[in-house]
Amino acid sequence: MINNRFFLRRRPEPPRPIPPGQYLEDGFPVLSAGPTPRVDTATWQFTIQSTGANGSEAGPGGGSETLGSWDWDALNALPQTDLHADIHCVTKWSKLDTDWRGVTIDTLFEDAGITDPDDFVMAFCDGGYTTNLPVEDLIDGRGLLVHTYDGEPLAPEHGGPVRLLVPHLYFWKSAKWVRGLKFMDDDAPGFWEAGGYNMYGEPWREQRYTGD
Ligand SMILES: Nc1nc2c(c(=O)[nH]1)N[C@H]1C(S)=C(S)[C@@H](COP(=O)(O)O)O[C@H]1N2
Ligand SMILES: [Mo]
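The rules we used
- Residues numbered from 1 in each chain as written.
- Chains lettered and ligands numbered in written order.
- Predicted model: local features only at pLDDT ≥ 70, side-chain atom pairs only at ≥ 80, totals over all residues.
- Heavy atoms only, no water.
- Near = heavy atom within 4 Å.
- Polar contact = N/O pair within 3.5 Å; in protein donor to acceptor, adjacent residues only side chain to side chain.
- Areas by Shrake-Rupley, 256 points an atom, 1.4 Å probe, with all protein chains shown as cover.
- Buried < 20%, exposed > 50% of the residue type's maximum accessible area, 1.4 Å probe, protein only.
- Helix = DSSP H or I, 4+ residues; strand = E, 2+ residues; numbered from the N terminus.
- Pairing = 2+ DSSP bridges.
- Axes fitted to C-alpha atoms, helices over the stretch in contact; angles between N-to-C directions.
- pLDDT = per-residue confidence, 0-100.

Notes on the site of ligand 1
Alright, step 1. The immediate surroundings of ligand 1 are formed by 20 residues, with Pro29, Ala33, His158, Arg163 and Lys176 found nearest.
Alright, step 2. His158 has a polar side-chain atom sitting 2.6 Å from an oxygen atom of ligand 1.
Alright, step 3. In the complex, 96% of the free accessible area of ligand 1, which totals 530 Å², lies under the protein chains.

Structural notes on the pairing of strand S2 (residues 45-49)
Within a regular strand, side chains alternate between the sheet's two faces.
Alright, step 1. Burial analysis of S2 places four of its five residues in the buried class, which makes it a mostly covered element.
Alright, step 2. Pairing between S2 and strand S3 (residues 66-71): five bridges, direction antiparallel. Its bridge partner lying in S3, Ile48 is registered against Gly68.

A few points about the pairing of strand S5 (residues 93-104)
Alright, step 1. S5 sits mainly inside the fold: nine of its twelve residues count as buried.
Alright, step 2. Bridging between strand S1 (residues 23-24) and S5 involves two bridges; their strand directions are parallel. Paired with Tyr23 across the bridge in S5 is Trp93.
Alright, step 3. As judged from the seven bridges shared by strand S4 (residues 81-88) and S5, these two strands associate in the antiparallel manner. Residue Ala85 lies in a different strand from S5, and its bridge partner there is Thr98.
Alright, step 4. Once S4 ends, the chain turns through four residues before running back antiparallel as S5, passing Lys92 with a positive phi of about 95°.
Alright, step 5. Examined bridge by bridge, S5 and strand S8 (residues 144-149) share five bridges and lie antiparallel to one another. When the sheet's bridge partners are listed, Val103 is paired in S8 with Leu145.

Focus: the sheet that holds S2
Alright, step 1. Judged by pairing direction, the sheet is mixed, and its five strands sit side by side in the order S3-S2-S11-S6-S7 without closing on themselves. Each of the sheet's edge strands pairs with one partner strand only, and the pair in question is S3 and strand S7 (130-134). Averaged over all neighbouring strand pairs, the angle between strand axes comes to 15°, with direction disregarded.
Alright, step 2. Bridge count for strand S6 (residues 120-125) against S7 is five bridges, and the pairing is antiparallel. Bridge pairing links Val121 to Leu133 in S7.

Details of the confidence of the model for the chain
Alright, step 1. Taken over all residues, the pLDDT of the chain has a mean of 93, while the share at 70 or more is 91%.
Alright, step 2. Model confidence for the chain, summarised as mean pLDDT per element, is weakest for helix H1 (residues 4-9) at 60 and strongest for strand S10 (residues 163-165) at 99.

Brief notes about unusual backbone geometry
Alright, step 1. The step from Gly160 to Pro161 runs through a cis peptide bond, and the omega angle for that step is 15°.
Alright, step 2. Residue placement: Pro161 occurs in the loop between strand S9 (152-153) and S10.
Alright, step 3. If you check the backbone angles, Asp97 has positive phi at about 60° while not being a glycine.
Alright, step 4. With respect to the helices and strands, Asp97 occurs in strand S5.
Alright, step 5. Residue Asp97 is classed as partly exposed on the basis of its relative accessible area, which comes to 39%.
Alright, step 6. In this structure, Asp150 is a non-glycine residue whose phi angle is positive, near 55°.
Alright, step 7. Here Asp150 lies in the loop between S8 and S9.
Alright, step 8. A relative accessible area of 52% places Asp150 in the exposed class.

Rendered as structure tokens:
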């Protein structure tokens, strides 16, 4: 006798390779370390901050200067970019063929006249989440501030109004409710990185945890 339930429960075969240890997810899971913050686009602002007197301290302040700042209208007035990408969460789901629209970090740097960035940033968010990234991984079209997912305004639980999107790294680097980037001279851990996750997080090399 054939057990149909076995076939129905099988996970779909990916149409192309996905990173090691990952499985395909058709839905869009929500993973947040805390509650979804209420973010008002009327008062929303995104800033890029210089390294402060305190070096690598995360978040605004610490003697740092504002190198660029954009409110909601200013962000939307910048050239917009569409990005089609696969995303990979460290909890092992991968979602293929996601469509996003927003502003590249290249465009923000250009608009702010940032020509000689430091090597690392700490992304900071409403709600206090942080994550560290090499600037190299944000430029040349690889990192965006996105406000649109699949043709619709980005839902609050997925980081709306604006999240960072860096699809070539594990999805925890794509900071939801992002409010700014702070340059750092040296790499320093953000929220999950301080809790044992990898400083870089490259899915194809399965860099999940410290030392991977
Ligand atoms: N501000 C903020 N950004 C965040 C998180 C978070 O808890 N807070 N979680 C991260 C993790 S671990 C993942 S996998 C993705 C999940 O994004 P999603 O909820 O849109 O799937 O967001 C990342 N960005
Ligand atoms: Mo995650």
